Every structure is written in structure tokens, then in C-alpha cells.
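A closer look at the structure
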Amino acid sequence: GQPSTGASGASANTDDAAAATAVDNAWNYAVFVAFVVISALIPIRKRLCRRSTNSKSKQDYVFGAGHISTLAMMLSIARGTLGVISVLGYPSEFFYRGSAMWESLYGVVSAYPIVCFVFIPVYFDLGITSVYQYLELRFNSRLVRCLASGTYILRTLLSLGVTIYTPTVALNTIIGVPYWASLLCITVISIFFNALGGLKAAVAADVIQSLSMTAMLVAILIYCSITVGGVDRIWTISSDNDRFAFFNFAADLHLRVTTTSAWLGELFNSLSLLGCQQNFVQRYLSMPTMGQIRRTLLLNIPVVIVLFSLPWLVGMAIYAIYWHCDPLKATVIEKMDQILPYFIVDRFERVPGVWGIFVGTLFNGALTLNISNINSLATVTWEDFLSLIPGWKAKSERHQLTVIKLVGTVYAVLIMGIGFVVGLLSGVIESSMLIISATSGPLLGVFVLAMFVPFANWKGAAMGMIASHLSILWIVIGRLIEANVSDALLDTSIEGCYADLVLAEKNVSSSGLLMTLEQGVDVVDASDLLTRIYSITYMYYGVFGTALTVLSGMVFSLATWSNHDEYNMKMLHPAVRWLYRRSPFNRKHFGSFEVSSGQGVPAKEIVPKH
């Protein structure tokens, strides 16, 4: 009878474990749903409770009518440094490649004062709704404006497709939600927000997301510090295992990341993002005074430093937990970016609600970023494309707002479709990110031409953008097809793993592991010029793209200038106007004229600041 009793006891234990797991999962589902619903409803609670007919205008929808607090705007602008991809990607980057990419923080910080004192003074007095409207005023060309806004739309759509797909992987891995269900849910909520919210709701959602992600990352840091024996222990483990790679000023353009490439590359990318992209400029122009804009941007620098560094510190903390037992090398996880979700599952499996909060934060992160950018995409599409349709510009403001909201709905569905494609095709994420990063240079370059090159005309600007796009796209395609440029991962250990994990590692073909590591080695044939070009690190794509746009734009402008290319000198940066007045070329070679000379563009083209 004893074997029977033993079997019954084992069965009872199994049933008890299954019941406990079911209860834990129920808690996680409940916490996940509650977190997403509450964080989604808070930003639009006033709109739901008060259906006033005059509470929402086009100006209110686009700019928030100047009623958004400085602190909320700071967190909304800083939100871009703490996205879903960075929260999942930076810890794994530190764990498997070290701290080199962390130094891209220098570029982000350097970009803020440049945007504050160089870009914003040009935009502010014009009272523009779309930042790309400035390009039309400067070059008297709808083509240049459409090229720039089209670049922004394409980059944002691809980026959002990748962004909303990212948390679906964690949802499917941790709590079993099908990725199509997650994509559909994000899209439905985004459409709901877009219809009822506007910029105020987008900023409020950004604030909630920034605070929740920060709290989650700080909690992980505290847990890891207690577990390993203090912050100094975390630092020592990373230092002893060669995870720190700061201040590497090597001049080799083919190294994946150095201090120089991290700073320069991120500086140009951040200038393109913060200074030339609609969703950020839209936030600056929603503030009533230049003083508030400057305070917001400059006070944001320490906030950005903290938010950018948090995922890297979490990477250090997780490395201190798993430095002697790498889950990837032990085949417990399949990809580097799964290290943080695995940590949550491994360490908090029996703590009710923790998985739900973690996955809910990631889900909400993708959701708020989607909502925020849909608002800007719809605004750009109306101002730069749809308003050109005869008769549409003359429609009432209420009709214009309805069209903008419908366009936002279309974009939400389109982004969901891109998310499905990302999930179905292999290699799409890497390809999309490379193409997205490659668009930073042409976009930044055309704004540099507009603000700082007095003789630049629309032909030079358009040809500069096209030449830069084609050149960078050629390098990206060549990199994907021809070049083998991935770097080897840093050494990791499985000596401290449990017996079952070590057994799993032994079952993996050693030749397969060697092949994986060898594929990461950067091998460049010095005799092959094209291979060397394709192997240039993507960190410099923004730098090269900007330089190509500016240089080729200057050449084409000088070759094609005519009196028909005259423009209002107010479109130049104030410092450039001051220098140009005192230069020997003033009103002699290029036909430019002063605002005060009695000549100028019609008054209707300078939109008053609301």
C-alpha cells in the first residue's frame, strides 16, 4: 500500500503546485489589466467626465493650448530616453557587450543646449503648426517640405512598428498572450486615446509611463543590491569581468562603438530627433514663452542623465546576479534581449503580481509612445499633405480636427500591420532600425542648410536630401547583404549554474557554439574597398548623412541659384543674419533680401504665434 500512498502524495503535491501557479497567474493577469486600464484612463478622465462642445479645438488638440505644466513637459520630452527598446535592450547590451554604448549619453546631453539655443529661436516666432512648414517658408518649395515630412512619417511608422511588437514578445513569453492579441489591444486603445485625447493626453500618458518605468527599474536595482551584498559589490563584479569600456578614442571607423562614435553618432541622431522631428517640436511650441522652453530643456538634462543611465545600472545589477551562470550560454533563453524578462520570471515567480506589473509597464510603454507619435503623425499629414487638397484648408476648424483624428486612426491600423510584419519576417527588426537611423542625417542636414547657409535654395536642399538618402541606403543594403560586421560577445560563464542547466549546455553542439562566436568576429578585408565602406559602424550614419546633405546641397545651390530663389532673411538663424549683414556677399551675389528693406514674402506666410 505504501507505493500507492506515495503516488497519491506526489499527485497531491503536483495538484497543489498547479493550483498555486494558477492563483499566481490570476494575480498577474489582474494586475496587468488593472495597470494598463488605469494608466490609460487617467490622462483622459476629464474628457470622459465633461463632454463640453468647446473643450476641444484644433489648437488644443495639437498644442494643448499652453496649459501643460513644465514638469509634465519635461518628463514627456525625456520619455524618449526611456522607451521599451532601451529598457529591454540596454541591460542586455551591458551584460553581453559591456558599457561602450552607454557613452552615447554624451551625445544626448550635448544635443539639448544646441536645440535650445539654435533650433527653437528660429521656430518660435513663426508660430508654425508643422515643423516642416518652416522648410517651405525658407525655400519657397512644397517639394522640400514634403520630402522632409515624408522622411519623418516613414521613419516613425517603421520605428513604431518595431516598438509595439517588442512588448508582445514579453507578453507571449511570460504570461502566454498571443502577440496578435497584444497588437490589436494596443491599436484599439491608441485609437481611443487619439479620438479623445490630443497632446495633453499624450503628455499625461508619457508622465505616467516615465514614473512607472523608473519605479520598476529602481526596484530591480534595490533587489539586486540586497541580493549580492551592496552597490559596491555590483560595481566590483562588473569591473573584475571587463564590463567597463569607457574612454576608447580609437580612430577605426569599423569598430562597432567607441567613445568618439558614440558621442558624435548620438549627437547627430539626437539633434535630428529633438530639433527636427514633429512630435518634439510640437511640445516645445505648445509652451507660451521662450523662457519656459529654455527652462524645460535645460532642466531636462539631469533628468535625461538619470533616465538614460537607469537601464544600464539595471544591466550591471543583473550581471552581478548571473555573472557566473549566463542564461543565454546555458540555453535557457534564446536571445540577448530576453535577459530582463528572464530575471523577472526567475526571481519573482512566486511573488503575486510582479510579472503583471513588469509586462504591464512594457505594454504601457509601447502604448504611450504609439499614442504620442500618432498625434504628431496625423498633424504632419494634415498640414503638409491633406491641406493642399482644394477646399480642405477652408473647412471649419471642427472639420479639420475630425480629419486629423481619422488620419490618426488610419496610422494606428497601419502601425499594427507593420507590427505583424515584424513578427512574421526574420531580420526585419535589424533592417528597420538601420534604415531608421540612416534617415537622421538627411533630415538634420536639410534644416542645417535652411538655417545656416544663406545661399541654399530649394533645388540644392531637395537634391542634397535625395543624394544623402540614396548614399546611406546603398551603404545599409551593402552592409546587410555583403558585410559581416557583428562583434563577438564578451566572455560569460556557466560554472555557477545548477546541474540541469549545465547538462543543457553540454547537449548543445560545441561546434555550433563556436560558429556563433566566430560569426561575431569583425573580419574586414583591407583589399576590398566596398567591404570596408559597408563595414563602417552604423553609429556614423547620421554624421555622414548630414555632411552629404549639406555639402551636396551647397554645391547644387551654387550651381542653380537665380533671383527666383529669394527668400525672407528672417528664416535664417539670428546669428547667421548678423554675420551675413556684415559679409561682402550681402545682397550682391545671391539675391537674398532683408525683412526691413520693404521687400519680403506676403504677410500671410508668416503665421502669428498663438
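Scoring rules and cut-offs
Residues numbered from 1 in each chain as written. Predicted model: local features only at pLDDT ≥ 70, side-chain atom pairs only at ≥ 80, totals over all residues. Heavy atoms only, no water. UniProt positions renumbered as here; feature names shortened; annotations may be inferred. Helix = DSSP H or I, 4+ residues; strand = E, 2+ residues; numbered from the N terminus. Buried < 20%, exposed > 50% of the residue type's maximum accessible area, 1.4 Å probe, protein only. Contact = heavy atoms within 4.5 Å. Areas by Shrake-Rupley, 256 points an atom, 1.4 Å probe, with all protein chains shown as cover. Patch = residues over 30% accessible without salt bridge, like charges linked within 9 Å, V, L, I, M, F, W, Y side chains within 5 Å. Salt bridge = Lys/Arg side-chain N within 4 Å of Asp/Glu carboxyl O. Disulfide = S-S within 2.5 Å. pLDDT = per-residue confidence, 0-100. Phe/Tyr/Trp six-rings, centres within 6.5 Å; stacked < 30°, edge-to-face > 60°. Core = buried A, V, L, I, M, F, W, Y, C linked by side-chain atoms within 4.5 Å. Axes fitted to C-alpha atoms, helices over the stretch in contact; angles between N-to-C directions. Parallel < 35°, antiparallel > 145°, perpendicular 65-115°, else oblique. Nonpolar A, V, L, I, M, F, W, Y, C, P; charged D, E, K, R; others polar.

Under an unreviewed UniProt entry, the protein has the name Sodium/solute symporter and belongs to Anopheles albimanus. Its UniProt record, at the heading Subcellular location (unreviewed entry), says of the protein: "Cell membrane".

Concerning the overall build of the protein
Along the backbone of the protein there are 25 helices and 0 strands. The proportion of buried residues among the 610 residues of the protein is 52%. Sequence separation of at least 24 residues holds for 86% of the intrachain contacts in the protein that already meet a minimum separation of 6. For the protein, the exposed area adds up to about 26100 Å²; of that, 66% sits on carbon and sulfur atoms.

Observations concerning a nonpolar patch on the surface
Together, Tyr106, Phe246, Phe247, Phe249 and Trp263 line one region of the surface with nonpolar side chains, adding up to about 530 Å² of accessible area. As for its position among the elements, phenylalanine 246 is in the loop between helix H11 (231-240) and helix H12 (259-276).

Considering the state of the cysteines
Inspection of the entire model under this criterion finds 1 disulfide. Here cysteine 325 connects covalently by a disulfide to cysteine 497, the sulfurs 2.0 Å from one another. Judged by the torsion about the S-S bond (110°), the cysteine 325/cysteine 497 disulfide is right-handed. Of this pair, cysteine 325 sits in the loop between helix H14 (290-322) and helix H15 (339-347) while cysteine 497 sits in the loop between helix H20 (458-481) and helix H21 (499-506); the two residues are 172 residues apart in sequence, bridging distant segments of the chain. When its relative accessible area of 10% is taken as the criterion, cysteine 497 is described as buried.

Let's talk about the environment of methionine 554
Note on placement: methionine 554 falls in helix H24 (residues 541-560). Measuring from C-alpha to C-alpha, the distance between methionine 554 and alanine 461 comes to 8.1 Å, with 93 residues separating the pair along the chain. The contact partners of methionine 554, leaving out residues within four places of it in the chain, are Leu449, Val453 and Phe455.

Some words on unusual backbone geometry
With a phi angle near 60°, phenylalanine 247 is a residue other than glycine that sits in the positive phi range. Tracing the sequence through the fold places phenylalanine 247 in the loop between H11 and H12. In the Ramachandran plot, threonine 331 falls in the positive-phi region, its phi being about 65° despite a non-glycine side chain.

Some points on the environment of tryptophan 355
Looking at the secondary structure, you find tryptophan 355 in helix H16 (residues 354-384). On the basis of relative accessible area, tryptophan 355 is assigned to the buried category, the value being 9%. Sequence separation of tryptophan 355 and valine 345 is 10 residues, and the distance between their C-alpha atoms is 7.0 Å.

Observations concerning the confidence of the model for the protein
Per-chain confidence: the protein averages 78 in pLDDT, with 77% of residues scoring 70 or above. This stretch, residues 1-10, has a pLDDT under 50; its non-local contacts, to residues over four places away or in other chains, come to 0 contacts.

Quick look at the packing of aromatic side chains
Ring pairs (aromatic) are described by centroid distance and by the angle formed between their planes. What the rule picks out here adds up to 23 aromatic pairs. Measuring from centroid to centroid gives 5.8 Å for tyrosine 132 and tyrosine 152, while their planes differ by 35°, and the two rings are tilted. Note that tyrosine 132 is positioned in the loop between helix H6 (105-124) and helix H7 (133-139) and tyrosine 152 in helix H8 (residues 142-175), a separation of 20 residues in sequence. On the basis of relative accessibility, which here comes to 0%, the residue tyrosine 132 falls in the buried class. Looking at tyrosine 152, the relative accessible area reads 0%, which means it is buried. Geometrically, the ring pair formed by tryptophan 474 and tyrosine 534 is edge-to-face, given 5.7 Å between the ring centres and 75° between the ring planes. Here tryptophan 474 is found in helix H20, whereas its partner tyrosine 534 is found in helix H23 (residues 529-534), with 60 residues between them in sequence. Tryptophan 474 sits in the partly exposed class, given a relative accessible area of 40%. Taking relative accessible area as the criterion, tyrosine 534 reaches 9% and is therefore assigned buried.

Topic: the nonpolar core
Grouped together as the largest cluster of nonpolar side chains are 136 residues, with contacts concentrated most on Tyr123, Tyr134, Leu135, Tyr284, Phe343 and Phe447. A total of 17 residues in this core trace back to one element, the largest contributor, which is H14. Once you skip the residues sitting within four places of it in the chain, phenylalanine 447 turns out to touch Phe119, Tyr123, Val131, Tyr132, Tyr134, Leu135 and Cys276. Counting residues in each nonpolar core, the second largest holds 6 residues, with Trp561, Leu572, Val576 and Tyr580 among its members.

Some points on the packing of H12 against helix H13 (residues 278-285)
It is the contact of H12 with H13, at a shortest axis distance of 5 Å, that shows an interaxial angle of 50°. When the axis of H12 is compared with that of H13, the two are oblique. Of H13, the residues touching H12 (which contributes Leu273, Leu274, Gly275 and Cys276) are Gln278, Phe280, Val281 and Tyr284. Here the contact of H12 with H13 is composed, by residue class, of 6 nonpolar, 2 polar and no charged.

Some remarks on the pattern of salt bridges
The full count for this structure, using the stated rule, is 6 salt bridges. A salt bridge links arginine 347 to aspartate 346, with the nearest nitrogen and oxygen atoms 3.6 Å apart. Judged by its relative accessible area of 30%, arginine 347 is partly exposed. You can call aspartate 346 partly exposed: its relative accessible area is 35%. A salt bridge links lysine 459 to aspartate 565; the nearest nitrogen and oxygen atoms lie 3.3 Å apart. With a gap of 106 residues between them, lysine 459 in helix H20 and aspartate 565 in the loop between H24 and helix H25 (574-581) connect regions that are remote in the sequence. Judged by relative accessible area, lysine 459 falls into the partly exposed class, the value being 22%. Its relative accessible area of 8% is what places aspartate 565 among the buried residues. Residues joined in a network through salt bridges with shared partners are Glu136, Arg142, Arg145 and Asp384.

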